[in-house]
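Single-letter residue listing:
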Amino acid sequence: MIQLEDVTKIYRMGKVEVRALESVDLTIDDGEFVAIMGPSGSGKTTLMNIMGCLDVPTSGRYLLDGTDVSRLSDNRLAKIRSRKIGFVFQSFNLVARTSAIRNVELPLVYAGVRTRRHAARVALEQVGLGDRMKHMPNELSGGQQQRVAIARALINDPVLLLADEPTGNLDTASSAEILKILRALNDAGRTVVIITHEEEVAQFARRVVRMRDGHIVSDQAQRIRTEVSA
Amino acid sequence: MNLEEALRVALRGLRANRLRSALTMLGIIIGVASVILLVALGNGVQTSVNEKIQPLANLITVVPSVGNVPGGAPPKDLIDADVAALQDKALSRDIAAVIPATSGKALVDGDAYRYRANVVGTTERWLEVNNQDMSAGTFFDEAQVRTTARVVVLGSAVANYLYGDDPAAALGQPVRINRQTFRVIGVMQSVGEPGDGVVAMPLPTVRRYIFGGGDKINQMIVQATDANAVPAAENDVIRILSERHRIKDSANRDFEVQSLRSRLDTFNQILRILTLFTAAVAAISLVVGAIGVLNIMLVSVTERTREIGIRKAIGATRRAILEQFLIESLLLAGLGGVIGVLVGVGLSVLGANVAPSFGPTFATFAPSVTIPSVVLSFAISLAIGLVAGGYPANRAARLRPIEALRYQ
């Protein structure tokens, strides 16, 4: 469960103070599928960074899976990310010159797990890439790379799957595939949060949070679309 | 983070930039190889000189000192009676033998050619204590010394100049020195300059026919019973001669005593300092190599900023990133060190095998590798990896993930 209480984030850029988030309260329960929407500059990326433990709030509290992570050190945050968060990025962010299966294994390496090969193989098969394990990222299509990234995000069995514009760099067909996978993961009980500015994508979520100027302006449940249309 | 993954990533990085890695390593390779080679060169010279001199290490030379003390007594010459006194077992236990010599420059006339040689008048044991051998004929013997025989033994350069390459050609030939004729009975083996320009004759022969000079001698070679007895024998020589020459103050001595051993010690000391100095100069290239590693590691960190961001996002701690880059720079510098050791040892061995074929003078410079120089220079290359990699690795470890991920 995710719980943000009165979270404010202020960036200092030289003399200018940018208030990226202002007193945000947000609770996401286990098993939810939430889309966070908003134009650029609305604070949605900052929100994701904080939810993903890549950054800490200037003030306020953030409880992830029952623990307060808003004041943790760099190293503690790294461990939390390793155990509880799975990331999917817009630009895939696979490690170059490293095979698909090694990319998927990486989070286990940093978590100190010794037997990794089997788990990585299972994760890749789950996203339909059982036959591409030895391929390098530059030998895979965008959609395939994003599926490797999803397998990597899931390998540590995270509490939260965070996807930042996961379809932003993909064609329609690949986008549909990725969204279908995320949909299926949520159906299987995984908590999924998507950051997006595309209404098409947001329609897959059961709940849409809209942001503007660092505030949450609306937060509503919706009926989901099940199939993808171009 | 386990070591295996760090090693794999490091190897992948080095392989991906083969030329860059090789050039960076080159700095370390040159540094390590030149340190090893230069130390081997110094050590080689020291070993070969010591080997040559070791058989002579129990020798002490005594020569009259030139000039005298103002207001003091005139210096006394070294004479035959001094030799006899030193040979007296009752006066010294540590002196095994004394070989007197008188020498000077003289023109040696072999009919076709003339050679200005260093003529030495001495006894039959001179060859032996100087650790020399004959290449043809024989040295004069005790009977020839006693009978003032008109015989002469030529140094190899003299024989070569007067009679050509074959030393046997000189045997039996008459040579004229100071308008007197002598018969060549032997030619000595080459020992290098200036020993090859020597002409040896019995001491009485030289006195009677060439230099004159009564019972004066201008050099004594004192042989101690063994190399360890040299200091004691040296003291005995000083004591006996001072007594005979009535010298009370050591500053007024009219003779000089010098052992090859003490000269050898001085030589070794100078050579050690010289070797250390050249090795230190070579080590400067290691510093340049270290800067190369530092530079390339900084480039590597910058290039992989985004990768560092990804790794941090999926759970890499600072320590994991630090280890990864440290291992990469250790691998780079360590591999350079290993190759440098191979090159340095290889060149030294090659030099040791090739040098003697250029003649005895070059054989002296045959390098000989020392283990400490290998261990030390390899350890330095590892230290370079650690130090030059430390700063970039630390910088990588401190990168903030969100900024690193934004990096294009």
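Rules of the game
Residues numbered from 1 in each chain as written. Chains lettered and ligands numbered in written order. Predicted model: local features only at pLDDT ≥ 70, side-chain atom pairs only at ≥ 80, totals over all residues. Heavy atoms only, no water. Helix = DSSP H or I, 4+ residues; strand = E, 2+ residues; numbered from the N terminus. Rg over C-alpha atoms; globule rule 2.2 N^0.38 Å. Buried < 20%, exposed > 50% of the residue type's maximum accessible area, 1.4 Å probe, protein only. Contact = heavy atoms within 4.5 Å. Areas by Shrake-Rupley, 256 points an atom, 1.4 Å probe, with all protein chains shown as cover. Pairing = 2+ DSSP bridges. Axes fitted to C-alpha atoms, helices over the stretch in contact; angles between N-to-C directions. Buried area = accessible area lost by both parts, 1.4 Å probe. Salt bridge = Lys/Arg side-chain N within 4 Å of Asp/Glu carboxyl O. Polar contact = N/O pair within 3.5 Å; in protein donor to acceptor, adjacent residues only side chain to side chain. Nonpolar A, V, L, I, M, F, W, Y, C, P; charged D, E, K, R; others polar. Phe/Tyr/Trp six-rings, centres within 6.5 Å; stacked < 30°, edge-to-face > 60°. 1 Å grid on protein atoms, 1.4 Å probe; cavity = no way out; pocket = protein on both sides within 12 Å on 5 of 7 lines; lining within 4 Å. Points joined across faces, edges and corners; volume = space filled by probe spheres on them. Domains from an automatic or database assignment.

Undergrad: Pulling in residues and values, what's your account of the overall build of chain B?
TA: Looking only at helices and strands, chain B features 14 helices and twelve strands. A globule of 408 residues ought to have a C-alpha radius of gyration of about 22 Å, yet chain B, at 33 Å, is considerably larger. A burial count over chain B gives 46% of its 408 residues as buried. Here the analysis covers contacts within chain B between residues at least 6 apart in sequence; of these, 78% occur between residues at least 24 apart. Here chain B displays about 19800 Å² of accessible surface, and carbon together with sulfur accounts for 60% of that area.

Undergrad: Any details on the sheet that holds strand β3 (residues 33–37) of chain A? Residues and values, ideally.
TA: All names here are of chain A. Across the sheet, six strands lie side by side as β6-β7-β8-β3-β9-β10; this open sheet has mixed pairing. Each of the sheet's edge strands pairs with one partner strand only, and the pair in question is β6 (85–88) and β10 (215–221). Neighbouring strand axes in the sheet, compared pairwise and without regard to direction, differ in orientation by 20° on average. Pairing of strand β7 (residues 160–164) with strand β8 (residues 191–196) involves five bridges; the strand directions are parallel. Residue pairing for β8: aspartate 164 is matched across the bridge by isoleucine 195. Contacting β6 and β7, helix α2 (residues 74–84) runs over the sheet at an angle of about 80° to β6. In this fold helix α6 (residues 172–187) packs onto β3, β7 and β8, with an angle of close to 150° to the strand it touches most, β8.

Undergrad: Please set out the interface of chain B and chain A residue by residue, giving values where relevant.
TA: If you look at the interface, chain B gives 23 residues, while chain A gives 26 residues. Roughly 2300 Å² of surface becomes buried between chain B and chain A when both sides are summed, with 55% attributable to carbon and sulfur atoms. Linking chain B with chain A are three salt bridges. Across the pair arginine 400 of chain B and aspartate 55 of chain A runs a salt bridge, and its minimum N-O distance is 3.9 Å. In this structure, the connection of chain B to chain A is made through seven residue pairs in polar contact (both at pLDDT 80 or more). Going through the elements one at a time, α1 (3–16), α10 (305–313), α11 (318–354) and α14 (401–406) of chain B are the ones with two or more residues in the side of chain B that touches chain A. Here the side of chain B that touches chain A takes six residues from α10 of chain B, the largest share from any one element. Broken down by class, the residue content of the side of chain B that touches chain A amounts to ten nonpolar, four polar and nine charged.

Undergrad: Before we move on, can you summarise the packing of aromatic side chains with the specific residues and values?
TA: All names here are of chain B. As enumerated under the stated definition, the model contains six aromatic pairs over all chains in all. Pairing tyrosine 115 with tyrosine 161 gives two aromatic rings, centres 5.3 Å apart and planes at 65°, and the pair type is edge-to-face. Linking tyrosine 115 in strand β4 (residues 114–122) with tyrosine 161 in helix α6 (residues 156–163), this pair joins segments that are 46 residues apart in sequence. Given a relative accessible area of 44%, tyrosine 161 falls into the partly exposed group. Geometrically, the ring pair formed by tryptophan 126 and phenylalanine 139 is stacked, given 6.2 Å between the ring centres and 10° between the ring planes.

Undergrad: Account for the sheet that holds strand β1 (residues 2–13) of chain A, naming residues and giving values.
TA: All names here are of chain A. Sheet architecture is open: four strands sit in the order β2-β1-β4-β5, paired in antiparallel fashion. Each edge of the open sheet carries a strand with a single partner, namely β2 (16–28) and β5 (67–68). Across the face of the sheet, helix α1 (residues 44–51) comes into contact with β1, β2 and β4 (59–64) while running at roughly 120° to β1.

Undergrad: Can you explain the environment of proline 392 of chain B? Please cite residues and give values.
TA: Residues and elements named next belong to chain B. Inspection of the secondary structure puts proline 392 in helix α13 (residues 371–398). Linking proline 392 and valine 301, residues 91 residues apart in sequence, is a C-alpha distance of 6.6 Å. Those residues in contact with proline 392, other than ones at most four positions away along the chain, are Leu294, Met297, Leu298 and Val301.

Undergrad: Account for empty space enclosed by the protein, naming residues and giving values.
TA: Applying the stated criterion across every chain yields a total of three cavities of 30 Å³ or more. Of the pockets and cavities examined, the largest cavity occupies roughly 100 Å³. Gly13, Asn17, Arg20, Ser300 and Glu328 of chain B are the residues nearest the centre of the largest cavity, which is lined by 13 residues in total. For the lining of the largest cavity, the secondary-structure elements that each account for two or more residues are α1, α2 (18–53), α9 (260–303) and α11 of chain B. Partitioned by chemical class, the residues of the lining of the largest cavity number three nonpolar, four polar and six charged. Of the volumes computed, that of the second largest cavity is approximately 60 Å³. Of all the secondary-structure elements, those providing two or more residues to the lining of the second largest cavity are α2, β6 and α5 (142–154) of chain A. With three residues, the top contributor of residues to the lining of the second largest cavity is β6 of chain A.

Undergrad: Explain the domain arrangement of chain B residue by residue, including any values.
TA: Taken as a whole, chain B is organised into domain 1 (3–53 + 265–406) and domain 2 (66–253). Each of domain 1 of chain B and domain 2 of chain B has a C-alpha centre, and these two points are 55 Å apart.

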